[in-house]
Amino acid sequence: MNPPMPSAAERVGLLEAFKGLGCLFIVLHHLAFYGPMADVVAQAWPVGVGWLSEHGRLAVQVFLVCGGYLTACSLAKLGPLAGHQIWGLVRKRYLRLAIPLLAALSLTVLVTELLRPIFDHDSLSPPPEFWQTLAHVFFLQHLGGMDGLSAGVWYVAVDLQLYVSALLLMLMAQQVHARWPQWPLKAWLGTFWWVLVAGSLWWWNRHPELEDLNLYFLGAYGLGWLAHAVRHAHAPPMGVWAIVLLGAVAWWLEPRWRVATAWGVAICLACAPQAVWMGTGQTVSAWRQGMAWLSRVSYSVFVVHFAVSLVVNAVVTQGWPADVWVNALGMLAALLLSLLAGAWLYEWVEKPAATGRRWWVWAEVFIASALLAVLINGTL
């Protein structure tokens, strides 16, 4: 009997696999980087914990490349953009990002204050201030020089900046094409992206003081866009060599694993055989089903996992502060509970339509949670 084959909706393509694995590694990275459980586990397994702490953040590059690819895919379906469409698209993107984030931050600020009396650790953020809270609502905290109230909040802000950059670049390419129509619009757009990616990988990404701005991350995001262009181009070899040149020069100027990771993911997305890309030929398996599910809930897991890890760290540290095996199991429990919390957040917060009314509700909940956190701390 032949094994059952998944339907088109059930297949796990390359993009979904990258998103799922990236989600797992970013949670593991934060577990290794924050919290005392990892410090205890590192006594027995220093190499593994050290690698996750130092290199697990490379998962961010995977998210960036996949984000650029998906943005290119969505904008390609829209066709030429009119100037008045920009606000609507930005608003839609902001609501999709903001509603789950505000819900997760509401939990995080309360968990932080409830744990503070029994869990004195550097991973706990200070009580939220008024302007800091308001800045988080509009993704402006890092631009204003304020600390994030949870791990990874900066990435959400950068994601919105990158999306706006993609829209503006599309408008600019359309205007240039209207003036010089002898060159196709896709060629103009590809050239603009190539120049921006080169500027980011070869210059801006080498200056850590720019890491709160989209310029620092345009290289990885743009590689995803270029990978989409190559995959849907009539002459892909030329596009592949353009991506190869971008990464090779960037590595020659300054070897960076984050650039190598983004470069490798982009080449995979651009050049993978269609069967691998689409997930055809796969049989039904627990791994396939799990990865498809993880890809769907990855954003919700990303924004909520820090609150979960704080709780597990506090419980394990209070009860078994020096037991290596209990702390190792605690890290595993934090990972699994983060996935469950992310699944709940996805079903009840992220999955429903992202409307302005729902955003207003969660913005009020977050501000109220921040105020309650200050009251619990007694600093009001």
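Only a predicted model underlies this, so the values are computations on that prediction, with no experimental measurement involved. (Residues numbered from 1 in each chain as written. Predicted model: local features only at pLDDT ≥ 70, side-chain atom pairs only at ≥ 80, totals over all residues. Heavy atoms only, no water.)

Observations regarding the overall build of the protein
Condition: Working definition: helices are DSSP H or I runs of at least four residues, strands are E runs of at least two. Numbering for both runs from the N terminus. Only protein chains enter the accessibility calculation, which uses a 1.4 Å probe; a residue whose area is less than 20% of its type maximum is buried, one above 50% is exposed, and one in between is partly exposed. Here, residues are in contact when the closest pair of their heavy atoms is within 4.5 Å. For the charge count, each Lys or Arg is scored as positive and each Asp or Glu as negative, with His and the chain ends excluded. Here the site of a charge means NZ on Lys, CZ on Arg, CG on Asp, or CD on Glu.
Counting its regular elements, the protein contains 15 helices and zero strands. In terms of its C-alpha atoms, the protein occupies a principal-axis envelope of roughly 70 × 55 × 45 Å. Within the protein, the proportion of its 380 residues that are buried is 49%. Taking the intrachain contacts of the protein between residues at least 6 apart in sequence as the baseline, contacts between residues at least 24 apart amount to 77%. Counting 20 positive and 18 negative side-chain charges, the protein places the centres of these two groups 17 Å from one another.

A look at the packing of aromatic side chains
Put simply, the rule reads: The criterion for an aromatic pair is that two Phe, Tyr or Trp rings (for Trp, the six-membered ring) have centres within 6.5 Å, with stacked assigned to planes under 30 degrees apart, edge-to-face to planes over 60 apart and tilted to the rest.
Applying the stated criterion to the full structure yields 22 aromatic pairs. For the pair Tyr155 and Phe302, a centre-to-centre distance of 5.6 Å together with 70 degrees between the ring planes defines the contact as edge-to-face. Of the two residues, Tyr155 is situated in helix α7 (residues 153-179) and Phe302 in helix α13 (residues 286-319); the sequence distance between them amounts to 147 residues. Each ring, one from Trp188 and one from Phe192, has its centre 6.0 Å from the other, and the planes form 40 degrees; the classification is tilted. Within this pair, Trp188 and its partner Phe192 are both found in helix α8 (residues 185-202), separated by four residues, close to a single helical turn.

A short note on the nonpolar core
Across soluble globular proteins, nonpolar side chains show a tendency to be buried alongside one another. Spelled out, the test is: Buried Ala, Val, Leu, Ile, Met, Phe, Trp, Tyr and Cys residues that are joined via side-chain atoms within 4.5 Å together make up what is termed a nonpolar core.
Core analysis: the largest hydrophobic core is formed by 109 residues, its most contacted members being Phe139, Trp193, Leu269 and Trp359. Of all hydrophobic cores here, the second largest spans eight residues; its members include Val111, Phe119, Ala151 and Leu310.

Observations regarding the packing of helix α4 (residues 59-78) against helix α11 (residues 257-271)
To be explicit about the condition: Throughout, an axis means a line fitted to C-alpha atoms (over the contacting stretch in the case of helices), and angles, computed between N-to-C directions, take values from 0 to 180 degrees. Our angle categories are set so that under 35 degrees counts as roughly parallel, over 145 as roughly antiparallel, 65 to 115 as roughly perpendicular, and the remainder as oblique. Each crossing is labelled by how the near helix is turned from the far one, with a counterclockwise turn of less than a right angle marking it left-handed and a clockwise turn marking it right-handed. Following the grouping adopted for this structure description, the nonpolar residues are Ala, Val, Leu, Ile, Met, Phe, Trp, Tyr, Cys and Pro, the charged ones are Asp, Glu, Lys and Arg, and the polar ones are all others, Gly among them.
Their axes nearest at 9 Å, the elements α4 and α11 cross at an angle of 40 degrees. When the axes of α4 and α11 are compared, the pair comes out oblique. Here α4 and α11 pass one another in a crossing that is right-handed. On α11, the residues that touch Gln61, Val62, Val65 and Tyr69 of α4 are Arg258, Thr261, Ala262, Val265, Ala266 and Leu269. The residue inventory of the contact of α4 with α11, partitioned by class, reads seven nonpolar, two polar and one charged.

Some words on the pattern of salt bridges
Basically, it comes down to this: A pair is scored as a salt bridge if a Lys or Arg side-chain nitrogen falls within 4 Å of a carboxyl oxygen belonging to Asp or Glu.
Applying the stated criterion across every chain, the model contains four salt bridges. Linking Arg206 and Glu254 is a salt bridge whose minimum nitrogen-to-oxygen distance equals 3.2 Å. One end of the pair, Arg206, is in the loop between α8 and α9 (214-231); the other, Glu254, is in the loop between α10 (236-253) and α11, with 48 residues separating them in the sequence. Among the residues examined, Glu254 registers a relative accessible area of 30% and is labelled partly exposed. Here Lys351 ties to Glu347 by a salt bridge, and the two come within 3.7 Å at their closest N and O atoms.

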